[in-house]
Amino acid sequence: MNIAAADRERIARPVGRRLFRPANAPFWIMGSALGAALLAGIRLDTPIASLAAAIVFLLGGLPHGAFDLAVARRFARSGSASYAHSAALYALVLGVAAIAWTLAPHVALPIFLVLAALHFAADWSTVGERFVETGVGVALVALPIAAHPIAVGDIFAAMGGVDTAASIGRGGMVIAPVATLVAMIGVVILIERDRWSDAAQLGGSLVAMLLLPPLWGFALYFTCVHSVRHLREIGEALPGAGRAMWLRTGTGLTLAALAIGYALLPAMRHLAAPGFVPAAFVLLAILFMPHLILSARIDALRRRAA
Ligand SMILES: CC1=C(/C=C/C(C)=C/C=C/C(C)=C/C=O)C(C)(C)CCC1
Ligand SMILES: [Fe+2]
């Protein structure tokens, strides 16, 4: 769910010069643990460590998308704003994305990365400058590509073929320095706006993307920043939701998504090396499309309801 508009209203609300807020605790706990592992010389880029990272980002990240339809239902009205329309849209976009990734993964991969950057940009709407927010989103995707070209290139090759992987790798090298510079301006703006905890989290995320193996940098950002922010917004949108509903929807739909991914695996066999990690990213990329569309729809429904 992307509630950039609501976040924009929040910009005016000062949150103070506290570097750490309880809401950001998961990020600092996981970030410190990964930093300590790095300093202790523990290898985080072995096949088993990569598998662990993929499991962390699937189990920690998928649940935030699991609530899209529940939130859409909350804002649904009648006619074209009905819940049935949301559900049909979700199924349609999911189907189109699955077909695109099966028939033309070399096209689907770059599109996914661009849309992912824009989706991550919405996490930083408190910066208040659209251009800088976009730079932050682009940096969060381009930085690991440029900082870890070999590891990322292998995954991209398995997802979309070697030619596409090489092109994206070259593009990432050019884009990452500029986008990172813009993202650093974002950190400064957040400090100027007395949003020190956001500034620290953004700075920490960029450092993590640079220093950690790409799968762990991504797992940290995706589960402890992106997903946590989404889940907080979902909590605000569904104030009456009890623990049972959170568990039922979060766990049930996450397991359903993993089952869909497992069923889709054979269709991906034509790719170079269909290991668990590329397959996990392809599943994420397929589920991301309906998540993105529903986020936009929820925004529109929410504005209409307000
Ligand atoms: C594939 C891949 C990457 C990018 C993943 C992205 C960008 C995922 C975005 C997911 C989203 C936006 C989910 C939505 O909620 C990395 C980490 C650069 C390097 C390793 C391979
Ligand atoms: Fe998301």
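Residues numbered from 1 in each chain as written. Chains lettered and ligands numbered in written order. Predicted model: local features only at pLDDT ≥ 70, side-chain atom pairs only at ≥ 80, totals over all residues.

Trainee: Let's hear about the UniProt feature "transmembrane region" (unreviewed entry) in the protein chain: which residues, and what values?
Mentor: Cross-referencing UniProt, the feature "transmembrane region" (unreviewed entry) maps to residues 23–42, 48–67, 88–118, 138–159, 171–191, 203–224, 245–265 and 271–294 in the present numbering. As annotated, residues 23–42 comprises 75% helix and 0% strand, and the C-alpha atoms at either end are separated by 28 Å. Helix makes up 95% of residues 48–67 and strand 0%, whereas the separation of the span's terminal C-alpha atoms amounts to 30 Å. (UniProt positions renumbered as here; feature names shortened; annotations may be inferred. Helix = DSSP H or I, 4+ residues; strand = E, 2+ residues; numbered from the N terminus.)

Trainee: Describe the UniProt feature "binding site: Fe cation" (unreviewed entry) in the protein chain, naming the residues involved and giving the relevant values.
Mentor: The UniProt entry lists His-64, His-119, His-226 and His-230 under the feature "binding site: Fe cation" (unreviewed entry), expressed in the numbering used here. A stretch of 167 residues holds the annotated residues, and the largest C-alpha distance among them is 13.2 Å, short enough that they meet in one place. Within the element layout of this structure, His-119 appears in helix α6 (residues 105–121). In this fold, His-226 is placed in helix α11 (residues 214–237). Residue class for His-226 comes out buried when judged on the 22 C-beta atoms lying within 10 Å of it. Dropping the residues within four chain positions of it, His-226 is found in contact with Phe-120, Asp-123 and Tyr-221. (Buried ≥ 20, exposed ≤ 12 C-beta atoms within 10 Å, placed from the backbone. Contact = placed C-beta atoms within 7 Å.)

Trainee: Can you explain the site of ligand 1? Please cite residues and give values.
Mentor: Around ligand 1, the structure places 15 residues, and the nearest of them are Ala-116, Pro-144, Ile-155, Phe-218 and Phe-281. For the shell around ligand 1, the secondary-structure elements that each account for two or more residues are α6, α7 (130–147), α8 (149–160), α11 and α13 (276–305). Of all the elements, α13 adds the most residues to the shell around ligand 1, at 4 residues. In the shell around ligand 1, the residues fall into 12 nonpolar, 3 polar and no charged. (Near = placed C-beta within 6 Å. Nonpolar A, V, L, I, M, F, W, Y, C, P; charged D, E, K, R; others polar.)

Trainee: Help me get a handle on α6, residues and values and all.
Mentor: Over its 17 residues, α6 runs 24 Å from end to end, which matches the ideal 24 Å to within 8%, given 1.5 Å per residue. Along α6, the residues classified as buried are Pro-105, Ala-108, Leu-109, Phe-112, Ala-116, Ala-117, Phe-120 and Ala-121. Those residues of α6 hidden inside the fold are in contact with α5 (83–103), α7, α8, α9 (162–192), α11 and α13. (Expected span 1.5 Å × (residues − 1).)

Trainee: Can you break down the nonpolar core residue by residue, with the values?
Mentor: Counting 85 residues, the largest nonpolar core has Val-136, Ala-139, Ala-142, Leu-143 and Ile-286 as its most contacted members. With 14 residues, α13 is the single largest residue contributor to this core. Each residue touching Val-136, except ones within four places of it in the same chain, is listed here: Ala-121, Trp-124, Val-127, Ala-183, Gly-186 and Leu-202. (Core = buried A, V, L, I, M, F, W, Y, C linked by C-beta atoms within 7 Å.)

Trainee: Please give an account of the confidence of the model for the protein chain that cites residues and values.
Mentor: Mean pLDDT over the protein chain works out to 89, with 90% of the residues at or above the 70 mark. Contacts from residues 1–5, a stretch scored under 50 in pLDDT, to residues over four places away or in other chains number 19 contacts. Reported confidence for the predicted complex is 0.98 by ipTM and 0.91 by pTM. (pLDDT = per-residue confidence, 0-100.)

Trainee: Can you break down unusual backbone geometry residue by residue, with the values?
Mentor: For Asp-194, which is not glycine, the phi torsion reads 60 degrees and is therefore positive. Mapped onto the elements of the fold, Asp-194 is located in the loop between α9 and α10 (196–211).

Trainee: Outline the environment of Ala-280, supporting the account with residue identities and numerical values.
Mentor: Turning to its location among the elements, Ala-280 is positioned in helix α13. Residue Ala-280 is classed as buried on the basis of its C-beta count, with 23 C-beta atoms lying within 10 Å. Residues Ala-280 and Ile-189 lie 91 residues apart in sequence; the distance between their C-alpha atoms is 35 Å.

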